[in-house]
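# Analysis of the macromolecular model
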Amino acid sequence: MVWLLRAGSLALLIGSVPAWGLPTATFQVSASVVAGCVISGTNTGVFGTLNFGTQSGVASSSVSASYVQSTTLTLACTPGTALSMSINGGSNYTSSRNLKHTSNTDTVAYSLYTNAAHTTTIPVNSPVALSYSNANNIVLPIYGLLTLPGPTRAGTYTDTLTVTLSW
């Protein structure tokens, strides 16, 4: 049954007339995520500190310290990213890393390790593979061992290291 309505000069056909189908098709949506890491936060140029504290000027011993990562930054990587770090010799490197007295040339040697037991050395400018359990908050495993040689000039000793991350 077909009904024809006429309104002025416009005719409208109402009823059971077969409708024409609209064309349909599928399309793909995709994205590629590449492995990477990011350092974010404030003052991202300062990773943290390694502080051996205040020591006796006559001590002849070894002093341990753990790296404390800055709370103003976050290091994150895509899960599964192979991450490595290398650390230079510092501002006072000779045949070892050295802290240097702030007002003269006296130095005190120290070494860096990837574990608190001081069994795995961090060599100068050589990549060290890092493992991490939380890809959203990676903390660099840096431990120091300061070698006090005996009578040492009193004062403040410092060094500045550069850490390079690779992935």
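Everything in this summary refers to the structure shown in the same document. (Residues numbered from 1 in each chain as written. Predicted model: local features only at pLDDT ≥ 70, side-chain atom pairs only at ≥ 80, totals over all residues. Heavy atoms only, no water.)

### Considerations on the nonpolar core
Formed by 27 residues in total, the largest nonpolar core has its most connected members in L83, M85, L140, I142 and L146. Every element with two or more residues in this core is listed here: β5 (62–66), β7 (73–77), β8 (83–87), β10 (107–113) and β11 (128–130). Residues within four places of I142 in sequence aside, it is in contact with L50, S66, Y67, M85, I87, L112, Y113 and I122. (Core = buried A, V, L, I, M, F, W, Y, C linked by side-chain atoms within 4.5 Å. Buried < 20%, exposed > 50% of the residue type's maximum accessible area, 1.4 Å probe, protein only. Helix = DSSP H or I, 4+ residues; strand = E, 2+ residues; numbered from the N terminus. Contact = heavy atoms within 4.5 Å.)

### Overview of the sheet that holds strand β13 (residues 157–158)
The strand order across the open sheet built from 5 strands is β5-β12-β10-β9-β13, with neighbouring strands paired in antiparallel fashion. On the outer flanks of this sheet lie β5 and β13, each paired with one strand and no other. (Pairing = 2+ DSSP bridges.)

### Topic: the state of the cysteines
Here the structure, examined in full by the defined rule, presents 1 disulfide. Here C37 is linked by a disulfide to C77, with a sulfur-sulfur distance of 1.9 Å. Handedness of the C37-C77 disulfide follows from its S-S torsion of about 105°: it is right-handed. Of the two residues, C37 sits in strand β3 (residues 37–41) while C77 sits in strand β7, which places them 40 residues apart along the sequence. The exposure class of C37 is buried, given its relative accessible area of 17%. Under the relative-accessibility criterion, C77 is labelled buried at 6%. (Disulfide = S-S within 2.5 Å.)

### Things to note about the sheet that holds strand β14 (residues 163–166)
With antiparallel pairing, the 3 strands of this open sheet are ordered in space as β11-β8-β14. The sheet is open, and its two edges are formed by β11 and β14, each paired on a single side. Each adjacent strand pair in this sheet contributes to an overall mean axis angle of 30°, direction not counted. One ladder, built from 4 bridges, connects β8 with β14; its direction is antiparallel. For S86, the partnering residue across the bridge sits in β14 and is T164. (Axes fitted to C-alpha atoms, helices over the stretch in contact; angles between N-to-C directions.)

### Details of the packing of aromatic side chains
As enumerated under the stated definition, the model contains 1 aromatic pair in all. Relative to Y110, the ring of F52 has its centre 6.2 Å away and its plane inclined at 55°; by these criteria the two rings are tilted. Of this pair, F52 sits in the loop between β4 (48–49) and β5 while Y110 sits in strand β10, and the two are 58 residues apart along the sequence. By relative accessible area, F52 is classed as buried at 9%. For Y110, a relative accessible area of 4% translates into the label buried. (Phe/Tyr/Trp six-rings, centres within 6.5 Å; stacked < 30°, edge-to-face > 60°.)

### Observations regarding the side chain of T114
Structurally, T114 is set in the loop between β10 and β11. Setting aside residues no more than four positions away along its own chain, T114 makes contact with T120, I122, V128, P141 and Y143.

### So, the environment of W167
Position of W167 among the secondary structure elements: in the segment after β14. When sequence neighbours within four positions are dropped, the list of residues in contact with W167 reads A35, G36, C37, T81, A82 and L83.

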